[in-house]
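Structural features, examined
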Amino acid sequence: MPAPKTVAAAANEISGIVYAKLPGNRIQIVVRMTAPPTEPSSFSITNPARVALDFPATRVTMANKVVAVREGAVSSVTAAEGDGRSRVILSLVKPVGYTTSIDGNNYVITVNAPGTAIAGAEKTKVVHFASSRQSGKYSLKTIDFRRGPQADGKIIIKLSDPSVGVDIREQTGEIIVDFLNTTVPLDLQRRLDVVDFATPVQTIDTFAQGRNTRMIVTPKGRYEHVAYQTGDVFTISIKPIIEKADEKKVDEFGYSGEKLSLNFQNIDARAALQVLADFTGLNFVVGDNVKGNLTLRLKDVPWDQALDLIVDAKNLAVRRRGNVLTVAPAPEVAAKEKAALESTKAFIELEPLVSELIQINYAKANEIAALLKSIKAVTTGAGQHPVFGTGATGGGVQAATDSNSLLSLRGQVTVDQRTNSLLIQDTPGKIREVRKLIAKLDQPVRQVLIETRLVEATDNFARSLGVRFGVKKADVGNPAGQRDSAISGNISDSSGIVSAGTLGASSSGLNVNLASSGVGGNLAASIGFTLAKLGSTGDLLNLELSALEQEGNGKIISSPRVITANQKKAKIEQGQERVFTTSVLGVGAVVTKRATLKLEVTPQITPDDRVNLDVDITKDNFADSVQGLLNVKQIQTTILLDNGETVVIGGVYEQDKQTTIAKVPFFGDLPLLGWLFKTKSVQDNKTELLIFLTPRIISENLTLR
């Protein structure tokens, strides 16, 4: 008999495994060996999340082959040997990235933090193929498309360097590929229409996006995709999912069985079940207490619906395991299941408790604790069809536990405010559930910079025209018996001329006194004319023209901006606050009024990197500093914008146009000469307010994208 193979002649040994927690909730695992290790082969699975490393010609000499970590994304590390090699298995909370390096006789594994998704929502899964180790620019050389033998589409990209960083994710029915720190030639920035290849791929769009290059693949129908890289060639394969010919469709009532017809009079229930067993080829186990007769007349009904009708008519219950169906009276099945549940409950109540300290990195520990206590357990036992699942009878039924908590009845959670940690005491299974939930909840919240610009433009115009006009005539100093006479603009002036006996050059006694009143407190420009023949008999003409025109343009720009977290309200305010005294029915009071520029905004980042904003912008100013009257300009709206997009969310246009004419009746209406008997003022003031808004999502490296 040949001797069994051993690994005694192995060239290396694993002597120990240690770990350390790094900043950023990363975990460093060091595999200690007796000699410098060779690069192992590796593979990973997602459910459950595990990473396996195979070291050839290596044995394990550790006393304890399982190392419990329970930090970051790592639950434990296990070492095992067999077939001339040793395998190191990393059990993870969720799939995360990792890096490896060789340091002397040690093999170092650095596991990333449990996640990078936004708090409160699970981010689209992104697959990282490589990370750029150099700071230089890369480029895409060629982009090619081929059809595979299974009607799959292959997108083949030739890279300038194998270390180009590539991120892939599915979003809104598209496959988005980002080549980090990579440029693309202009001749490759185009859309490839590959509909004629008869693959799931319809179009391929390639374009530059900042320092990166983005490729958007638009597929059609049901598909699955895989990406892999060989050297400097990166390939994306998109394969159609072909429905199986024997895949049965579910009707509107949730039944998918093959149709049959039954016509029996007073048939035994056990015999009816036997007919169904012969028709379907399934194994039926019928309990001894299944009794009674029934009459059936069914035509072209699915067999599973016929079974449902039989068990409902005889108050039976069906449980299915694989291709075996068990039929028994419903009370008997319920009692049996209740006993099984009570047995499981008793086992859980007796299971030993363990304590674990979980560090909360981004959220507040007391908020996470309150959330854990508010989660209700969900059971599908009452709403699930015993044979065909939830399709036949609807969804699950929510049932609150006694403690209304994700923890068990004996579980407890305590918050350490000083270290922002949770101390949880519960069964190991419950703690694993809590760790997975916290890994999804404890994520950095994305932030948004909201920038607004309020532009207020004014255009003012005013014009004032006026005239002063007077005519005097005197006939005094006549011989006896003849009357003296005088003509002037008013009685007092004409009487004075007669009394003086002569005509004097003065500005009193005007016939028309409609001079320009000026504009904005400024006096009008004027020019005067006087034509006179003085003496006891003479004439006097006074004429004064006045005019003033004023134009003004102004612009006031206010630009408040604020940074806030996703779905968190932010407010910024700047202005004046004044105190005024009022009197009502003789009782004095002090009133405080504020005239401010205020921005209140609540952003919400959508899964496609757009921003939904609830905005409240107010711009006030004092119109009267004594009475405290306010001019208020306010806008409240909700708007959805792209990242970095600038739009005008509102505006107010105001025009104040006035024309005032004062004239002497009849004479003021005469053509040309009428201007000597009237004054005219024109005012045209225009004010326009525009409000611009720009949201910018701040990336994790604190730069604006």
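Placed above this text is the structure.
On a predicted model such as this, the values are computed, not experimentally measured, just so you know.

Description of the nonpolar core
Counting 26 residues, the largest nonpolar core has I155, I157, V177, F179, M215, F234 and I236 as its most contacted members. Among the elements of the structure, β12 (138-147), β13 (153-159), β14 (166-171), β15 (174-179), β18 (201-209), β19 (212-219), β20 (223-230) and β21 (233-240) are those that each provide at least two residues to this core. If one sorts the elements of this core by residue count, β12 sits on top with four residues. Among residues more than four places away in sequence, those in contact with I236 are G153, K154, I155, I157, V177, V226 and A227. Counting residues in each nonpolar core, the second largest holds 25 residues, with M33, V69, V74 and V111 among its members.

Observations concerning the side chain of D426
If you trace the backbone, D426 turns up in strand β31 (residues 421-426). No salt bridge forms around the buried D426; measuring N to O, its nearest opposite-charge neighbour R410 is 6.2 Å away. Here the side chain of D426 touches S408 through a polar contact of 2.5 Å, side chain to side chain.

Some points on empty space enclosed by the protein
Inspection of every chain in the model, using the stated rule, returns two cavities of 30 Å³ or more. The computed volume of the largest cavity comes to approximately 40 Å³. I143, L188, R190, L192, I204 and T206 together form the lining of the largest cavity. Of the residues contributing to the lining of the largest cavity, the split by class is four nonpolar, one polar and one charged. The computed volume of the second largest cavity comes to approximately 30 Å³. Around the second largest cavity, the lining residues are V51, L90, L92, V96, G97, Y98 and V111.

Points about the packing of aromatic side chains
Summed over the entire model, instances satisfying the criterion amount to six aromatic pairs. A ring pair is formed by F145 and F197, whose centres lie 5.0 Å apart and whose planes are at 80°; its orientation type is edge-to-face. Within this pair, whereas F145 is found in strand β12, its partner F197 is found in the loop between β17 (191-193) and β18, the two being separated by 52 residues in sequence. A relative accessible area of 36% means that F197 is categorised as partly exposed. Pairing F666 with F667 gives two aromatic rings, centres 5.4 Å apart and planes at 80°, and the pair type is edge-to-face.

Considerations on the sheet that holds strand β40 (residues 610-624)
One key point about sheets: their strands pair by backbone hydrogen bonds, in either a parallel or an antiparallel sense. Read across the sheet, four strands follow the order β38-β39-β40-β41 without closing on themselves; strand pairing throughout is antiparallel. Edge strands, defined here as strands with exactly one partner in the open sheet, are β38 (570-584) and β41 (629-642). Neighbour to neighbour, the strand axes of the sheet diverge by 15° on average, direction disregarded. Examined bridge by bridge, strand β39 (residues 587-605) and β40 share nine bridges and lie antiparallel to one another. For I605, the partnering residue across the bridge sits in β40 and is V611.

Focus on the packing of helix α4 (residues 365-374) against helix α5 (residues 428-441)
Contact geometry for α4 and α5: axes closest at 12 Å, N-to-C directions at 130°. As far as their axial angle goes, α5 and α4 are oblique. The crossing of α4 and α5 is right-handed. Every residue of α5 that contacts α4 at I368, L371 and L372 is listed here: V434, L437, I438 and L441. Each residue belonging to the contact of α4 with α5 can be placed in one class, and the counts come to seven nonpolar, no polar and no charged.

Quick look at the sheet that holds β31
Reading across from one edge, β27-β31-β30 is the order of the three strands in this open sheet, with antiparallel pairing throughout. A strand with exactly one partner marks an edge of an open sheet, and here the two such strands are β27 (354-359) and β30 (412-416). Neighbour to neighbour, the strand axes of the sheet diverge by 20° on average, direction disregarded. Where β27 and β31 come together, six bridges link them in antiparallel fashion. Across the sheet, the residue bridging to E356 is I424, located in β31. Packing of α4 onto the sheet brings it into contact with β30 and β31, and relative to β31 it is tilted by some 30°.

A word on the pattern of salt bridges
Per the counting criterion, the structure on display carries 24 salt bridges. D609 serves as the salt-bridge partner of R446, at 3.0 Å between the closest nitrogen and oxygen. On the criterion of sequence distance, the pair formed by R446 in the loop between α5 and β32 (447-475) and D609 in the loop between β39 and β40 is long-range, its members being 163 residues apart. The class of D609 is partly exposed, set by a relative accessible area of 23%. Taking the shortest distance from any N to any O, the salt bridge between E456 and K633 comes out at 3.6 Å. In this pair, E456 sits in strand β32 while K633 sits in strand β41, placing the two residues 177 residues apart along the sequence.

Let's talk about the side chain of R446
R446 gets classed as buried once you look at its relative accessible area, which sits at 13%. A distance of 3.0 Å separates the side chain of R446 from the side chain of D609, its partner in a polar contact.

What about the environment of D684?
Locating D684 in the fold gives a position in strand β43 (residues 678-698). Given the relative accessible area of 14%, D684 is considered buried. Put simply, D684 and Q655 are 29 residues apart on the chain and 7.2 Å apart in space, counted from C-alpha to C-alpha. Within the local environment of D684, its side chain forms a polar contact with the side chain of Q655, the two groups lying 3.2 Å apart.

Let's talk about the pairing of β21
The element β21 is extensively covered by neighbouring structure, given that six of its eight residues are classed as buried. A loop of two residues connects β20 with β21, the two strands running antiparallel in sequence, and G231 in this loop sits at a positive phi of about 65°.

With respect to a nonpolar patch on the surface
Residues F666, F667, L670 and L673 make up a contiguous nonpolar surface patch of roughly 400 Å² in combined accessible area. Tracing the backbone shows L673 in the loop between β42 (647-663) and β43. A residue is classified by how much of its surface remains accessible, and L673, at 51% relative accessible area, is exposed.

Quick look at α4
Of the positions making up α4, those classed as buried are A365, I368, A369 and L372. Looking straight down α4, one finds that the buried residues subtend no more than 100° of arc, so they occupy a single side. Where the residues of α4 are buried, they touch β30, β31 and α5.

About the thresholds
Residues numbered from 1 in each chain as written. Predicted model: local features only at pLDDT ≥ 70, side-chain atom pairs only at ≥ 80, totals over all residues. Heavy atoms only, no water. Core = buried A, V, L, I, M, F, W, Y, C linked by side-chain atoms within 4.5 Å. Buried < 20%, exposed > 50% of the residue type's maximum accessible area, 1.4 Å probe, protein only. Helix = DSSP H or I, 4+ residues; strand = E, 2+ residues; numbered from the N terminus. Contact = heavy atoms within 4.5 Å. Lys, Arg positive; Asp, Glu negative; His and termini not counted. Salt bridge = Lys/Arg side-chain N within 4 Å of Asp/Glu carboxyl O. Polar contact = N/O pair within 3.5 Å; in protein donor to acceptor, adjacent residues only side chain to side chain. 1 Å grid on protein atoms, 1.4 Å probe; cavity = no way out; pocket = protein on both sides within 12 Å on 5 of 7 lines; lining within 4 Å. Points joined across faces, edges and corners; volume = space filled by probe spheres on them. Nonpolar A, V, L, I, M, F, W, Y, C, P; charged D, E, K, R; others polar. Phe/Tyr/Trp six-rings, centres within 6.5 Å; stacked < 30°, edge-to-face > 60°. Pairing = 2+ DSSP bridges. Axes fitted to C-alpha atoms, helices over the stretch in contact; angles between N-to-C directions. Parallel < 35°, antiparallel > 145°, perpendicular 65-115°, else oblique. Left-handed = near helix turned anticlockwise from the far one by under 90°. Patch = residues over 30% accessible without salt bridge, like charges linked within 9 Å, V, L, I, M, F, W, Y side chains within 5 Å. Areas by Shrake-Rupley, 256 points an atom, 1.4 Å probe, with all protein chains shown as cover. Arc of directions from axis to C-beta.

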